[in-house]
Amino acid sequence: LPWLEMGLLGGLGILSLIFSTRWLYPDSWNHALSPVLRYAQTFHISNSYGLFANMTKDRPEIIIEGSDDGQNWKEYEFKYKPGGLYRRPPQVAPHQPRLDWQMWFAALGRFEQNRWLQSVFLRIFENQPEVMAFFVWNPFENRAPKFLRARLYQYEFESPREIFENGKWWKRQLQNEYSPTFRNPAL
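Remember, it's a predicted structure, so these values are computed and weren't measured experimentally.

The rules we used
- Residues numbered from 1 in each chain as written.
- Predicted model: local features only at pLDDT ≥ 70, side-chain atom pairs only at ≥ 80, totals over all residues.
- Heavy atoms only, no water.
- Salt bridge = Lys/Arg side-chain N within 4 Å of Asp/Glu carboxyl O.
- Helix = DSSP H or I, 4+ residues; strand = E, 2+ residues; numbered from the N terminus.
- Buried < 20%, exposed > 50% of the residue type's maximum accessible area, 1.4 Å probe, protein only.
- Phe/Tyr/Trp six-rings, centres within 6.5 Å; stacked < 30°, edge-to-face > 60°.

Draft legend 1. Just the pattern of salt bridges, in detail. Enumeration over the complete set of coordinates arrives at 11 salt bridges. The shortest N-O distance in the salt bridge between glutamate 65 and arginine 149 comes to 2.6 Å. Of this pair, glutamate 65 sits in strand S1 (residues 59-67) while arginine 149 is found in strand S3 (residues 147-157), placing the two residues 84 residues apart along the sequence. Note that arginine 172 and glutamate 75 form a salt bridge whose closest N and O atoms lie 2.6 Å from each other. With arginine 172 in strand S4 (residues 170-177) and glutamate 75 in strand S2 (residues 73-76), this pair connects stretches of sequence that are 97 residues apart. Assessed through its relative accessible area of 24%, glutamate 75 is described here as partly exposed. In this structure, a network of salt bridges that share partners links the residues Arg59, Glu61 and Lys81.

Structure (structure tokens):
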């Protein structure tokens, strides 16, 4: 009987290893092992890691910008997510900065789906200290801008050579306007 238990435990270990490493070799392993994986999934005894079983390979980022004239825009840079192209990514684990994390999820959807982001805009217009503390600095020197908007960029790491030679960690490409432009209701 111990040999049977050891055999089942070994099989479960191999199955778990296949589930957890299949993303490393998506084409070859998934094609060859897909019948086994489909059969094993019916028993619900081993699987990938929940919500993060399939991670996105792209890095969409929402950049919030403020302006006094609607022409010249300044970025509000979050402390823990990509923003400034020359800013090294911070080490945050095991800390989980909630707003930065929510911004990542918001970038996977539309502005209208993330009503909480409208509240963030309102608090920036109010220059609320608790919200302003989420940013590296206030680009408007402790006051609120006249306009706010959010734009969606696609971020990628720069090459190691670019990082070493120029100190530039990120490259980004504008995808679209994420939000409409809002005018400060207090002005």
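Moving on from the coordinates now.
Draft legend 2. Broad picture of the packing of aromatic side chains. Applying the stated criterion to the full structure yields 12 aromatic pairs. Considering the side-chain rings of tryptophan 101 and phenylalanine 105, the 5.4 Å spacing of their centres and the 90 degrees angle between planes classify their relative orientation as edge-to-face. With tryptophan 101 and phenylalanine 105 both in helix H3 (residues 98-107) and 4 residues apart, the pair spans about one turn of that helix. Residue phenylalanine 105 is classed as partly exposed on the basis of its relative accessible area, which comes to 29%. Ring geometry for phenylalanine 111 versus phenylalanine 182: centroids 5.8 Å apart, planes at 40 degrees, classification tilted. Note that phenylalanine 111 is positioned in the loop between H3 and helix H4 (115-125) and phenylalanine 182 in strand S5 (residues 182-183), a separation of 71 residues in sequence. Judged by its relative accessible area of 28%, phenylalanine 182 falls in the partly exposed class. One aromatic cluster is present, formed by Tyr76, Phe78, Phe135 and Phe140 through successive ring pairs.

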